[in-house]
Amino acid sequence: MQVQLLSFKWVENTAVFSDSIQMYAPLLSPAVAFSFFYWLVAFCFVVAPTEFQSSGVTIQSLFASWLGSESIDFVNYHIKRTTATTLFHASLPLGYFIGMTFVGESGLEFFELSEWAIHTGWQIYFYTACSLFIGCATLVYYWHMNEWSNHPIARNLSLYCESWRTGLLEINAEFRSIDKYTSGPSGTSRTIVVDNWIIKTGAYSVKFVQQDHVVLSVGKTEEYQVSPDTMTTVQYVRINVNPLKPQSGFSVRILSTEYSDFKAKLRTEIYTLPNVTIHQTSGELFLSAFRDQVEQNPLYVVDSGLTFGSCIGCHDKAANVKLTKQCAEPDDGDCKSCQCPPMWCLECMGRWYASRQDQARPESWLGGFATCPMCRSRFCMLDVSAIHHT
């Protein structure tokens, strides 16, 4: 009886599994598989992730022989690159339709649509894809007229020079200089500063602004936590570029650690709001994270009339932190309770803490240890408390 019951359950489970296969079989069809991989590769071509760039699977690599050399002919290279990118991306929807005709299936059967709806849907898709490609091809043909004089890059340079080719020669010569500023690796989106120009490259356009005809201001800063384990942070600075010529403004985004290099290449000032703090070194980034951690630690409460004098490190601020073991029980771990009275401000204590860490591994600083500057008691960041007067 038990064997018959088990046999019945096995047959029932097999039937359920078979029904499941039949239910999801359309999702495993060649049309669905082709659609998934096609749009995945297309997305990678449009977004151009680091892996694609490092492997050379980019539009720049595919059309390298036609584009020429960026370092030798910077302006013409980007005129051709933006043209190739526009045409290639516009051809992706049409390429999908052509590929689906070879697959031999509509790929929409699992939606349980009628044959007329599927046929009409593909017709609408085909005409839309053709219209997009033809429209972009017509635009590219217009750009190419008069030897690329109608291209947005040529029209941009015409705002600053009598002939856009004069600006072309000037920018090509300055780009070959070894002391130019370039943000990040050689990718699609970059910020470049040469002797007389600020340049921002994009997938479909390149912006050129002369340094003598621009107003720069820091819009905002953005901080990101790179690793939840080490709490390493990276700060980006967004700088607004407002041309004085009749040209739309834009913004550039650079690492705060590169801000001094960016600023050194400019001939104009960058206006910064008083409440914007730019961390130009890894030490400044750490000090910001150190301050955030201390604000989360328990307070060290003292009477309102009790004062501790000025910080013995900077002599500018009042001593406002106390080292008290809080990371574990009194007898657990290597940290010790410091018996020294408060003598340091938070910033000086943070700099002291950073100076005792491995300078070659800044990502490990927040999880490290230091010793009290006076009594040498070992402490970690969890043991630093801000003083609070009752």
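Brief notes about the nonpolar core
Buried together is how nonpolar side chains tend to be arranged in soluble globular proteins. If you look at the biggest cluster of nonpolar residues, it comprises 40 residues, and the most contacted ones within it are Val 75, Trp 197, Phe 208, Ile 239 and Phe 262. What Phe 208 contacts, discounting residues up to four positions off in sequence, is Phe 74, Ile 153, Asn 156, Leu 157, Tyr 160, Ile 171, Trp 197, Ile 198, Ile 199 and Gln 247.

Some thoughts on unusual backbone geometry
Positioned with a positive phi, His 315 is a non-glycine residue whose angle comes to about 60°. Along the polypeptide, His 315 turns up in the loop between strand E9 (300-302) and strand E10 (321-323).

A few points about a nonpolar patch on the surface
On the surface, a nonpolar cluster with roughly 390 Å² of combined accessible area is contributed by Phe 43, Val 46, Val 47 and Tyr 204. For Val 47, the position within the fold is in helix H2 (residues 30-47). For Val 47, a relative accessible area of 47% corresponds to the partly exposed category.

Let's talk about the packing of helix H6 (residues 74-103) against helix H9 (residues 164-175)
Direction vectors running N to C along H6 and H9 enclose 110°, while the axes themselves pass 7 Å from each other. With respect to their mutual orientation, H6 and H9 come out roughly perpendicular. Residues Phe 74, Val 75, Asn 76 and Ile 79 of H6 form the contact with H9, whose participating residues are Trp 164, Leu 168, Ile 171, Asn 172 and Phe 175. When grouped by side-chain class, the residues that make up the contact of H6 with H9 number seven nonpolar, two polar and no charged.

Re the packing of aromatic side chains
Note on aromatic pairs: each is described by the distance of the centres and the angle between the planes. Here the structure, examined in full by the defined rule, presents 22 aromatic pairs. Centroid distance Phe 97 to Phe 126: 4.8 Å. Interplanar angle 40°. Geometry classified as tilted. Placement of Phe 97 in helix H6 and of Phe 126 in helix H7 (residues 115-148) is noted, with a sequence separation of 29 residues between them. Taking relative accessible area as the criterion, Phe 97 reaches 18% and is therefore assigned buried. By relative accessible area, which is 29% here, Phe 126 ends up partly exposed. The ring of Trp 352 is capped by Arg 356, whose NZ or CZ atom sits 4.6 Å from the centre of that ring. Note that Arg 378 overlies the ring of Phe 369, its terminal NZ or CZ placed 4.0 Å from the centroid.

Topic: empty space enclosed by the protein
Gaps left between atoms show up when a probe the size of a water molecule is rolled over them. Enumeration according to the criterion identifies one cavity of 30 Å³ or more in this entry. Quantified by volume, the largest cavity comes out at close to 80 Å³. Val 321, Lys 322, Leu 323, Cys 338, Cys 340, Pro 341, Pro 342, Met 343, Trp 344, Met 349, Cys 372 and Pro 373 are the residues that line the largest cavity. No other element matches the three residues that E10 contributes to the lining of the largest cavity. Class assignment of the residues belonging to the lining of the largest cavity gives a composition of 11 nonpolar, no polar and one charged.

As for the pairing of strand E6 (residues 233-243)
Remark: a regular strand shows side chains that alternate across the two faces of the sheet. For E6 and strand E7 (residues 250-255), the ladder comprises six bridges, and the chain directions are antiparallel. If you follow Ile 239 over to E7, its bridge partner there is Val 252. Counting the residues between successive antiparallel strands, the hairpin from E6 to E7 contains six residues.

Things to note about the sheet that holds E10
Adjacent strands of a sheet form backbone hydrogen bonds with each other and so pair up, either parallel or antiparallel. Strand order in the open sheet made by the three strands is E9-E13-E10, with mixed pairing throughout. Every interior strand has two partners, whereas the edge strands, E9 and E10, have only one. Between one strand and the next, the sheet's axes are offset by a mean angle of 40°, whatever the strand orientation. In terms of strand pairing, E10 meets strand E13 (residues 384-389) through three bridges, oriented antiparallel.

Digging into the environment of Val 103
With respect to the helices and strands, the residue Val 103 is situated in helix H6. On the basis of relative accessible area, Val 103 is assigned to the partly exposed category, the value being 24%. With 72 residues separating them in the primary sequence, Val 103 and Ala 31 have C-alpha atoms 6.0 Å apart. Discounting residues that sit within four places of it in the chain, Val 103 has contacts with Pro 30, Ala 31 and Phe 34.

Cut-offs applied
Counting restarts for each chain: residues are numbered from 1 in the order of the written sequence. Where local features are concerned, this predicted model is filtered to residues with pLDDT of at least 70; where side-chain atom pairs are given and counted, the filter is 80 or more; whole-chain, interface and lining totals use all residues. Where side-chain values are given, they derive from all heavy atoms of the structure, hydrogens and water being excluded. Here, nonpolar core refers to any group of buried Ala, Val, Leu, Ile, Met, Phe, Trp, Tyr and Cys residues whose side-chain atoms link them within 4.5 Å. Using a 1.4 Å probe on the protein chains alone, a residue whose accessible area is under 20% of its type maximum counts as buried, one over 50% counts as exposed, and one in between counts as partly exposed. Contacts were defined at the residue level, with two residues in contact if any of their heavy atoms lie within 4.5 Å. Under the scheme used here, helices are H or I runs from DSSP no shorter than 4 residues and strands are E runs no shorter than 2 residues, and both carry numbers assigned from the N terminus. Nonpolar side chains (Val, Leu, Ile, Met, Phe, Trp, Tyr) within 5 Å and like charges within 9 Å form the patches, drawn only from residues with over 30% relative accessible area and no salt bridge. Each accessible area is a Shrake-Rupley result for a 1.4 Å probe, and residues are judged covered by the shown protein chains and nothing else. Salt bridge, as used here: a side-chain nitrogen of Lys or Arg that lies within 4 Å of a carboxyl oxygen of Asp or Glu. Fitted lines through C-alpha atoms give the axes, limited to the stretch in contact for helices. The angle between two N-to-C directions lies from 0 to 180 degrees. Comment on the angle field: the value is read as roughly parallel under 35 degrees, roughly antiparallel over 145, roughly perpendicular from 65 to 115, and oblique elsewhere. Each residue gets one of three labels, nonpolar for Ala, Val, Leu, Ile, Met, Phe, Trp, Tyr, Cys and Pro, charged for Asp, Glu, Lys and Arg, and polar for the others, Gly among them. Note on aromatic contacts: the rings of Phe and Tyr and the six-membered ring of Trp form a pair at centre separations within 6.5 Å, being stacked when their planes are under 30 degrees apart, edge-to-face when over 60 apart, and tilted otherwise. By definition, being over a ring means that NZ of Lys or CZ of Arg is both within 6 Å of the ring centre and within 35 degrees of the ring normal. Throughout, the protein atoms alone are placed on a 1 Å grid, and a set of points is a cavity if a 1.4 Å probe fits but cannot get out or a pocket if it is open with protein on both sides within 12 Å along at least five of seven lines; lining residues have an atom within 4 Å of a point. Grid points are joined across faces, edges and corners, and a volume is the space filled by probe spheres set on the points. Any two strands are treated as partners once DSSP identifies two or more bridges connecting them.

Purely spatial values, then, with no claim about function.
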